[in-house]
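If you want the building blocks of each chain, they are given just below.
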Amino acid sequence: MDITSLTAVELGKKIRAREISVVDAVTASLDQIERVEKDVHSFVSVDREGALERAARIQEQIDDGRITGPLAGVPVAVKDNMCTKDMTTTCSSRILENFKPTFTAEAVRRLEKAGAVIIGKTNMDEFAMGSTTETSYYGVTRNPWNLRHVPGGSSGGSCAAVAAEECPYALGSDTGGSIRQPSSFCGVVGIKPTYGTVSRYGLIAYGSSLDQIGPIAKDVTDCAAILEAIAAHDPKDSTSIDRRTYVHTTSGKVRSGGKEEVCPAGYDFTGALVDDVAGMRIGIPKDYFGKGLDAEVREKILEAVRTLEERGAVVEEFDLGLVQYAIPAYYVIASAEASSNLSRFDGVKYGYRTEDYEGLHNMYKKTRSEGFGAEVKRRIMLGSFVLSSGYYDAYYLKALRTKALIKQEFDRAFEKYDIIIAPAAPTTAPELGKSLSDPLKMYLGDIYTISVNLAGLPGISIPVGTDSKGLPVGMQIIGDCFEEKKIIRTAYTLEKTRTYERPEMINNMSKKKEPAIGRKGEDDQCMKGGRA
Amino acid sequence: MANKISDETIEYVGILAKLELSGEEKADARADMEKMLDYIDTLNELDTEGIEPMSHVFPVNNVFREDVASCIDGSEDTLANAPLKKENSFKVPKTIG
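Residues numbered from 1 in each chain as written. Chains lettered and ligands numbered in written order. Predicted model: local features only at pLDDT ≥ 70, side-chain atom pairs only at ≥ 80, totals over all residues. Heavy atoms only, no water.

K.L.:
Got a minute to help me understand the overall build of chain A in this structure?
P.N.:
Scanning chain A for helices and strands turns up 17 helices and 11 strands. Compactness check: chain A gives a C-alpha radius of gyration of 22 Å against a globular reference of 24 Å for 532 residues, within 12% of the reference. Taking the principal axes of the C-alpha coordinates as reference, chain A spans close to 65 × 65 × 45 Å. Within chain A, the proportion of its 532 residues that are buried is 66%. Counting contacts in chain A only where the partners sit at least 6 residues apart, residues at least 24 apart contribute 76% of the total. Surface summary for chain A: the accessible area is close to 17,900 Å², and the carbon and sulfur share equals 48%. Taking the average place of the 68 positive charges on the side chains of chain A and the average place of its 73 negative ones, the gap between the two points comes to 2 Å. (Helix = DSSP H or I, 4+ residues; strand = E, 2+ residues; numbered from the N terminus. Rg over C-alpha atoms; globule rule 2.2 N^0.38 Å. Buried < 20%, exposed > 50% of the residue type's maximum accessible area, 1.4 Å probe, protein only. Contact = heavy atoms within 4.5 Å. Areas by Shrake-Rupley, 256 points an atom, 1.4 Å probe, with all protein chains shown as cover. Lys, Arg positive; Asp, Glu negative; His and termini not counted. Charge placed at Lys NZ, Arg CZ, Asp CG, Glu CD.)

Structure below.
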């Protein structure tokens, strides 16, 4: 049996039924990593020994009935911006080379409690700033669908690892699209939850008011089960929300129609795995389907929308408004927050320190200048500028006012529609080396995902086919705040009409898998996460 | 309106950002920033008069807990990450002349 082709929930079932041992499940992932990692390079570090030890321990706990959940014994990869106790956590930056956190991020701790086995830390754009995973200090990640193309970013390592079946599922983080866009490029499913749903404790902050952790997997069922495991109120994160008691109207306001929701948002995400969209009101923002959107991407998404319509959904086009202002507002807000958040990297407490320096300030400056890459420095500079006296009102406050207006546009839309459907990105995955030379152009690729972060909304990306180059197209389903269940239900219904498509290299590999373990030695280098 | 960033401004932002940029990096930073600010200036087309700046989407309140003393000594693990340490402390260059 091909263990690595199973979804997380399928694998969990077989582990609980004693058809597959936890050690076998983890070994299957580790072997697949050895096979593909030198091509794909999804990981910054792989903890083979630790994972096998944890696997044996988890097996005991499953055997004596202490762990019973759907993810018990299932291997997982974690984006390298989430702290893992005693496991190197780099944010794909030189400045955190060799950093071993003294505690584990709350979302990861919850997974461990559910019996997940962490096998390694995935590659990303440095400090999650980027859309291609090319700004990592530890080398680029390649798209398993075509190794000449990027996996997207910043959670490119997590999405590539799932697509290449190096792990059944992974955690990513999303500040401006960093789960949804790479999920789209790699043909997997990824959810960015409502802000406040998953604790940010132990997530190394980029733009704190926008960052959310979320699941990345092969299907919607997995994503719902993972989200259920990681979402919880956490007093250690002051922006965490208790969905068991949080009663939402549209963003806390009574709707103009006077209809007020009275049930709490809740955490029952798997309860939304219902194959039915009859009566679901879907809004299609005209601005998202116009100029700048690749024709093949548009066609694939509209085809999926027609499928939902055939299943009883009610589809209508509408004007969302202010679409062109989301990216400039985002870059002011995210850069401002980043410039503040990244001031903690000073060469004193952890990570890299420059070798030669004269005095304290020179040490700070040289450490940071040598430790951060170009894109991170670019955003710290912009952020410091927009927060500086004389410019604060004109840029920072202006951006926060724009954010309020964008939120109002979505509030108005969700008075009429249950969900909004959009592309996840204007194109399929670009080729490696084509994006970084023009940052502004790269930023424009985030047009469909960024406003969702500004408004705190949940969004999911699911695959809806491939383009003529054979690269996956992702469709984004956006819900109102706390309406994860509606997007999960819609995505699940659509998924039921399709079959999961694997990258050709993975398909070919699994055909000749059994006798194919003859290249072990040459893979050792990339197992250490060596700089490519 | 095309933004022009002066040498002094780049110098000043470098101080705020605690970054030491080479001559070439400074020129790049200035060009990047001018281009981004031109783009960001499109926000000025929007009338935001009377709109409250929204820092958080949901109301964020202070979170209080009981002030209970606990005894956890993580200093050894914490210091293990320090680039330089001395006895039980982080070691930094002299800070007071």
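K.L.:
Quick question: what am I supposed to make of the environment of Leu360 of chain A here?
P.N.:
Within the secondary structure, Leu360 of chain A sits in helix α10 (residues 359-371). Between the C-alpha atom of Leu360 of chain A and that of Asp346 of chain A, which follows or precedes it by 14 residues, the distance is 9.8 Å. Apart from residues no more than four positions distant in its own chain, Leu360 of chain A is found in contact with Val92, Pro93, Lys94 and Thr95 of chain B.

K.L.:
Looking at this structure, I do not really get the pairing of strand β3 (residues 117-122) of chain A. What am I missing?
P.N.:
Both faces of the sheet carry side chains from a regular strand, because those side chains alternate between them. Residues and elements named next belong to chain A. Where burial is concerned, most of β3 is hidden: six out of the six residues are buried. Pairing of strand β2 (residues 75-79) with β3 involves five bridges; the strand directions are parallel. Considered in β3, the bridge of Val78 is made with Lys121. (Pairing = 2+ DSSP bridges.)

K.L.:
I keep staring at the packing of aromatic side chains and nothing clicks. Help me out?
P.N.:
For any pair of aromatic rings, the description consists of the separation of the ring centres together with the inter-plane angle of the planes. Residues and elements named next belong to chain A. Taken as a whole, this structure holds 19 aromatic pairs over all chains when the rule is applied. With centroids separated by 5.2 Å and ring planes inclined at 55 degrees, the aromatic side chains of Tyr288 and Tyr448 adopt a geometry described as tilted. Placement of the pair is Tyr288 in the loop between β7 (281-285) and α8 (295-310) and Tyr448 in the loop between α13 (439-444) and α14 (450-454), with a sequence separation of 160 residues. Tyr448 matches Tyr288 in its accessibility class, with the two residues each being buried. Centre to centre, the rings of Phe345 and Phe372 are 6.4 Å apart; their planes meet at 90 degrees, and the pair counts as edge-to-face. (Phe/Tyr/Trp six-rings, centres within 6.5 Å; stacked < 30°, edge-to-face > 60°.)

K.L.:
Sorry, what's going on with the nonpolar core here?
P.N.:
For soluble globular proteins, nonpolar side chains are generally found buried alongside one another. Residue and element names in this part refer to chain A. Membership of the largest hydrophobic core comes to 186 residues, with the highest contact counts inside it found for Leu111, Phe127, Tyr169 and Ile421. Per-element tally for this core: the top contributor is helix α12 (residues 392-416), with 11 residues. Discounting residues that sit within four places of it in the chain, Ile421 has contacts with Ile282, Gly283, Ile284, Pro285, Phe289, Ile301, Val305, Leu308, Met475, Gln476 and Ile477. (Core = buried A, V, L, I, M, F, W, Y, C linked by side-chain atoms within 4.5 Å.)

K.L.:
In this structure, what is going on with the interface of chain B and chain A? I would like to understand it.
P.N.:
Each partner contributes to the interface: chain B provides 54 residues, whereas chain A provides 68 residues. Between chain B and chain A, a total of about 5,200 Å² is buried, with carbon and sulfur atoms accounting for 70% of that surface. Inspection of the chain B/chain A interface yields three salt bridges. Across the pair Lys377 of chain A and Glu25 of chain B runs a salt bridge, and its minimum N-O distance is 3.1 Å. Sorting the residues of the side of chain B that touches chain A by element identifies α1 (7-17), α2 (23-40) and α3 (75-80) of chain B as the ones contributing at least two each. The biggest single contributor to the side of chain B that touches chain A is α2 of chain B, with nine residues. (Buried area = accessible area lost by both parts, 1.4 Å probe. Salt bridge = Lys/Arg side-chain N within 4 Å of Asp/Glu carboxyl O.)

K.L.:
For this particular structure, what's the right way to read the side chain of Lys192 of chain A?
P.N.:
All names here are of chain A. With respect to the helices and strands, the residue Lys192 is situated in strand β5 (residues 189-192). It turns out Lys192 is buried and unbridged, and the closest side chain with the opposite charge, Asp174, is 6.1 Å from it. A distance of 3.0 Å separates a polar side-chain atom of Lys192 from the backbone oxygen of Leu457. (Polar contact = N/O pair within 3.5 Å; in protein donor to acceptor, adjacent residues only side chain to side chain.)

K.L.:
What is the right way to look at the packing of α1 of chain B against α2 of chain B in this model?
P.N.:
Packed helices, taken two at a time, are described by the angle between their axes plus the distance between the axes. Residue and element names in this part refer to chain B. Two numbers describe how α1 lies on α2: the axes approach to 10 Å, and their chain directions differ by 100 degrees. Considering their axes alone, α1 and α2 lie roughly perpendicular with respect to each other. Contacts between α1 and α2 involve Asp7, Ile10, Glu11 and Val13 from the former and Lys26, Ala29, Arg30 and Met33 from the latter. In the contact of α1 with α2, the residues fall into four nonpolar, no polar and four charged. (Axes fitted to C-alpha atoms, helices over the stretch in contact; angles between N-to-C directions. Parallel < 35°, antiparallel > 145°, perpendicular 65-115°, else oblique. Nonpolar A, V, L, I, M, F, W, Y, C, P; charged D, E, K, R; others polar.)

K.L.:
Quick question: what am I supposed to make of the side chain of Glu337 of chain A here?
P.N.:
Residue and element names in this part refer to chain A. Mapping Glu337 onto the fold places it in helix α9 (residues 326-341). For Glu337, which is buried and forms no salt bridge, the nearest opposite charge comes from Lys403, at a distance of 5.9 Å. When near neighbours in sequence (up to four residues on either side) are disregarded, Glu337 contacts Tyr206, Gly207, Ser208, Ser209 and Leu210.

K.L.:
Hey, could you run me through the sheet that holds strand β4 (residues 169-174) of chain A in this one?
P.N.:
Within a sheet, neighbouring strands are paired by backbone hydrogen bonds and run either parallel or antiparallel to one another. Residues and elements named next belong to chain A. The 11 strands are arranged β1-β3-β2-β4-β6-β5-β10-β11-β9-β7-β8 in an open sheet whose pairing can be described as mixed. Only two strands of the sheet have a single partner each, and these edge strands are β1 (43-46) and β8 (314-318). Here the strands of the sheet are splayed against their neighbours by 30 degrees on average, with no regard to which way each runs. Across the sheet, helix α7 (residues 220-230) lies against β4, β5, β6 (212-217) and β10 (459-466), angled at about 145 degrees from β6, the strand it touches most.

K.L.:
Is there a simple way to think about α2 of chain B in this case?
P.N.:
An α-helical segment advances 3.6 residues per turn. Residues three or four places apart therefore align on the same side. Counted at 1.5 Å a residue, the expected span for α2 of chain B with its 18 residues is 26 Å, and the 25 Å between its end C-alpha atoms agrees. On its buried side, α2 of chain B packs onto α9, α11 (374-387), α12 and α13 of chain A together with α1 of chain B. (Expected span 1.5 Å × (residues − 1).)

K.L.:
Can you help me understand the pattern of salt bridges in this one?
P.N.:
Should their charged atoms come close, side chains of opposite charge can pair. By the definition in use, this model includes 36 salt bridges over all chains. Through salt bridges with shared partners, a single network forms among Glu106, Arg109, Asp234 and Lys236 of chain A.

K.L.:
How should I be thinking about a negative patch on the surface in this particular structure?
P.N.:
A contiguous patch of negative charge on the surface is contributed by Glu355, Asp356 and Glu370 of chain A together with Glu20 of chain B. Mapped onto the secondary structure, Asp356 of chain A falls in the loop between α9 and α10. (Patch = residues over 30% accessible without salt bridge, like charges linked within 9 Å, V, L, I, M, F, W, Y side chains within 5 Å.)

K.L.:
Help me understand unusual backbone geometry, please; the structure alone is not making it clear to me.
P.N.:
Most peptide bonds are trans, and most residues other than glycine sit at a negative phi. All names here are of chain A. The omega torsion across Gly153 and Ser154 is 10 degrees, close enough to zero to call that bond cis. Positive phi, normally seen in glycine, also occurs at Asn98, with a value near 70 degrees. With respect to the secondary-structure elements, Asn98 resides in the loop between β2 and α4 (106-113). We classify Asn98 as exposed; its relative accessible area is 61%.

K.L.:
What's the story with the packing of α9 of chain A against α2 of chain B in this structure? I'm lost.
P.N.:
The N-to-C vectors of α9 of chain A and α2 of chain B enclose an angle of 130 degrees; their axes lie 9 Å apart at closest approach. Between α9 of chain A and α2 of chain B, the interaxial angle falls into the category oblique. Judged by the sense of rotation from one axis to the other, the crossing of α9 of chain A with α2 of chain B is left-handed. Along its contact with α9 of chain A, which presents Ile327, Pro328, Tyr331 and Val332 of chain A, the element α2 of chain B presents Met36, Tyr39 and Ile40 of chain B. (Left-handed = near helix turned anticlockwise from the far one by under 90°.)

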